[in-house]
Amino acid sequence: SLCDWSSDRVLFRSMRLTSTGLGIGTSSPSKKLVVQQSAVGEVTRLVTTAGGAGATTGTVSLGFDVFGSQTNPFASIEVGEDESTPAGTYKSRMSFYTRSVDSDSAPSERMRLDSSGNLGIGTSSPAAKLDVVNSGVSQIQIKNTSGTTKNTQLMFADNSAIRWRIGMDVATNNNTNKIGRAHV
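Cut-offs used in this document
- Residues numbered from 1 in each chain as written.
- Predicted model: local features only at pLDDT ≥ 70, side-chain atom pairs only at ≥ 80, totals over all residues.
- Heavy atoms only, no water.
- Helix = DSSP H or I, 4+ residues; strand = E, 2+ residues; numbered from the N terminus.
- Buried < 20%, exposed > 50% of the residue type's maximum accessible area, 1.4 Å probe, protein only.
- Contact = heavy atoms within 4.5 Å.
- Areas by Shrake-Rupley, 256 points an atom, 1.4 Å probe, with all protein chains shown as cover.
- Pairing = 2+ DSSP bridges.
- Axes fitted to C-alpha atoms, helices over the stretch in contact; angles between N-to-C directions.
- Salt bridge = Lys/Arg side-chain N within 4 Å of Asp/Glu carboxyl O.
- Polar contact = N/O pair within 3.5 Å; in protein donor to acceptor, adjacent residues only side chain to side chain.
- Patch = residues over 30% accessible without salt bridge, like charges linked within 9 Å, V, L, I, M, F, W, Y side chains within 5 Å.

**Q** So what exactly am I meant to see when it comes to the overall build of the protein chain here?
**A** Each helix and strand counted, the protein chain has zero helices and 14 strands in total. Start at the N end of the protein chain and walk to the C end: the helices and strands fall as β-β-β-β-β-β-β-β-β-β-β-β-β-β. By residue count, 17% of the 184 residues in the protein chain fall in the buried class. In the protein chain, the share of contacts with a sequence separation of at least 24, taken over all contacts with a separation of at least 6, comes to 12%. Approximately 13,500 Å² of the protein chain is accessible, and the part contributed by carbon and sulfur atoms is 54%.

**Q** Got a minute to help me understand the sheet that holds strand β9 (residues 108-113) in this structure?
**A** Either a parallel or an antiparallel arrangement is found when strands of a sheet pair, and the pairing is made through backbone hydrogen bonds. The six strands lie next to each other as β6-β7-β8-β9-β10-β11, forming an open sheet whose pairing is mixed. A single partner strand is all that each edge strand has here, and the edge strands are β6 (59-64) and β11 (130-132). Direction aside, the axes of adjacent strands within the sheet are offset by 20° on average.

**Q** How should I be thinking about the pattern of salt bridges in this particular structure?
**A** Oppositely charged side chains are able to pair whenever their charged atoms sit close together. All chains considered together, the criterion is met by four salt bridges. Here Glu78 and Arg93 are joined by a salt bridge, their closest N and O atoms 2.8 Å apart. In this pair, Glu78 is assigned in strand β7 (residues 75-81) and Arg93 in strand β8 (residues 92-98), connecting sequence segments 15 residues apart. Two residues, Arg99 and Asp104, come together in a salt bridge whose shortest N-O distance is 3.7 Å. Overall, Arg99 belongs to the buried group, its relative accessible area being 18%. Since its relative accessible area comes to 30%, Asp104 is described here as partly exposed.

**Q** Looking at this model, I keep getting lost on the side chain of Arg112. Mind explaining?
**A** Tracing the backbone shows Arg112 in strand β9. Within polar-contact distance, the side chain of Arg112 engages the side chain of Glu109 at 2.7 Å. Setting aside residues up to four positions removed in sequence, Arg112 forms contacts with Glu83, Arg93, Met94, Ser95, Asn118, Leu119, Gly120, Thr123, Ser124 and Pro126.

**Q** Would you take a moment to explain the environment of Glu78 for this structure?
**A** Exposure remark for Glu78: the relative accessible area of 15% places this residue in the buried category. A sequence separation of 18 residues divides Glu78 from Val60, and the C-alpha atoms of the two residues are 5.7 Å apart. Not counting the four nearest positions on each side in its chain, Glu78 is found in contact with Thr59, Val60, Ser61, Arg93, Met94, Ser95 and Tyr97. At 2.8 Å, the side chain of Glu78 and the side chain of Arg93 are in polar contact.

**Q** Is there a simple way to think about a nonpolar patch on the surface in this case?
**A** Taken together, the side chains of Ile121, Leu130, Val132, Ile140, Ile142, Leu154, Phe156, Trp164, Ile166 and Ile179 present a nonpolar region at the surface, about 950 Å² in accessible area. For the nonpolar patch, the secondary-structure elements that each account for two or more residues are β11, β12 (153-157) and β13 (162-168). Mapped onto the elements of the fold, Phe156 is located in strand β12. Judged by relative accessible area, Phe156 falls into the partly exposed class, the value being 40%.

Worth remembering: the numbers are spatial, not functional.
Here you go:
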């Protein structure tokens, strides 16, 4: 526990440093850092006071490193005000960064979830619920690894039914590719 050493008075019982790690909300952490809360809700919050408040776009980032001797993280998750909206609107976005080179360079943004709920892979400004962008060959793979059924499909539906299917013919299970209107 954190103590006032001059009087040996306990200041906080909710935080404890042991030989295993630092426990917040627990007296027996099993890892280097354990944050525990007994109630449902937000457990912790990372905050930056730089930017924000409508003047400039503020961000907070959580970086991940393996060796600890690098200047830049291997990967990171960044949360900030969505740049596609006017400053001060407080609409948020979440971006995921990874490094693809064998040097200590800053990771590049690979995926972004914007304030509209659009997910972009390979783009920082997704224009649809799923927007995949690549400068080379763009592919999306849907794979069934069960080996017992050929039921692998991409289906397009409205509120009442599936309208179009792309995939394997599940009725005959004979590896026949189908593109067409679903029976409704």
